[in-house]
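# Observations on chain architecture
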Amino acid sequence: MITINFSGRLGNNLIQYSLGRIISMHLDSVLTIEGDNHTNGFTNVRHVNEGKVIHSPEISFNDTVDKNITIDQILTQGEGKKINLYGYWQKSKFFTLYRDQIKNWLSVPTSQYGDMIDRDRDVILHIRRGDYLEANSSLDFSYYDYCLSQLDFREIQIIGDGIDSKVKSHFHKYSPKYFNGPPYEDFRFMMSFKNVIMSNSTFCWMSTFLSNNAEKVFYPEPVTGYWSPGQDQDLY
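What counts and how
- Residues numbered from 1 in each chain as written.
- Predicted model: local features only at pLDDT ≥ 70, side-chain atom pairs only at ≥ 80, totals over all residues.
- Heavy atoms only, no water.
- Pairing = 2+ DSSP bridges.
- Helix = DSSP H or I, 4+ residues; strand = E, 2+ residues; numbered from the N terminus.
- Axes fitted to C-alpha atoms, helices over the stretch in contact; angles between N-to-C directions.
- Contact = heavy atoms within 4.5 Å.
- Parallel < 35°, antiparallel > 145°, perpendicular 65-115°, else oblique.
- Left-handed = near helix turned anticlockwise from the far one by under 90°.
- Nonpolar A, V, L, I, M, F, W, Y, C, P; charged D, E, K, R; others polar.

This part takes up the sheet that holds strand β1 (residues 2-6). The strand order across the open sheet formed by 4 strands is β2-β1-β4-β3, and the pairing between neighbours is parallel. Each edge of the sheet is formed by a strand with only one pairing partner; in this case those strands are β2 (31-35) and β3 (58-62). Going across the sheet, the axis of each strand differs from the next one's by a mean of 20 degrees, ignoring polarity. Relative to β2, β1 is paired through 5 bridges, and the arrangement is parallel. Within the sheet, the bridge partner assigned to Thr-3 lies in β2 and is Thr-32. The sheet contacts of helix α1 (residues 10-27) involve β1, β2 and β4 (82-86), and relative to β1 the element is tilted by about 175 degrees. Packed onto the sheet, helix α2 (residues 71-78) meets β3 and β4 and runs at close to 170 degrees relative to β3.

A word on the packing of helix α7 (residues 183-190) against helix α8 (residues 202-210). Between α7 and α8, the shortest axis-to-axis distance is 8 Å and the interhelical angle comes to 45 degrees. When the interaxial angle is binned, α7 and α8 end up oblique. By crossing handedness, the relation of α7 to α8 is classed as right-handed. Across from Pro-183, Asp-186, Phe-187 and Met-190 in α7, the residues of α8 making contact are Phe-203, Cys-204, Met-206, Ser-207 and Leu-210. Considering only residue class, the contact of α7 with α8 consists of 7 nonpolar, 1 polar and 1 charged.

Following this line, the structure appears as structure tokens:
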């Protein structure tokens, strides 16, 4: 049996669940979920009740403790045991080979708001501030200016967390629109776009990773803060 212990918010939960499903698939094991669950709307994020049920011995894996752990090591060391998964698992190496399966596990209906955009010429721009400001991890606005300078766009939709007066003042020159719905709606709306300007956000990465529409994608390479060299995250 495998238990995935959710922590963080929606983007974190989706990544944690994806890893749990990958391990469950390989070991033909039941999967259970514990912790704070922020996946409302994702009806496929649920316990997997088919497979082996092993209660002991137990083994735990946490990528914040063992930063070099691999899926092969989890499978080898965890076979025949109850596996507890902790941590954030924000590394693309865990998921790229399983993209098709993950898209199936985390499938959602098309956003009802997708019809209001020009898919070929509009751009979605994701901003993550809020708690990132305290962690010195929020991206400089110049990153977004550069990305926009590379696009011939009709309209900008801005979405994200911590969109304050500074954000609105800076982007006023582009006459953008702001989309602000529940996380599930924001996620689906982002998946509607061909042109995506990402932030260093797990939520943003997952929506782009799962999208069937994203074609021209800009992603940051931060010098400091989250997802900068030397950090635990590697989702690009």
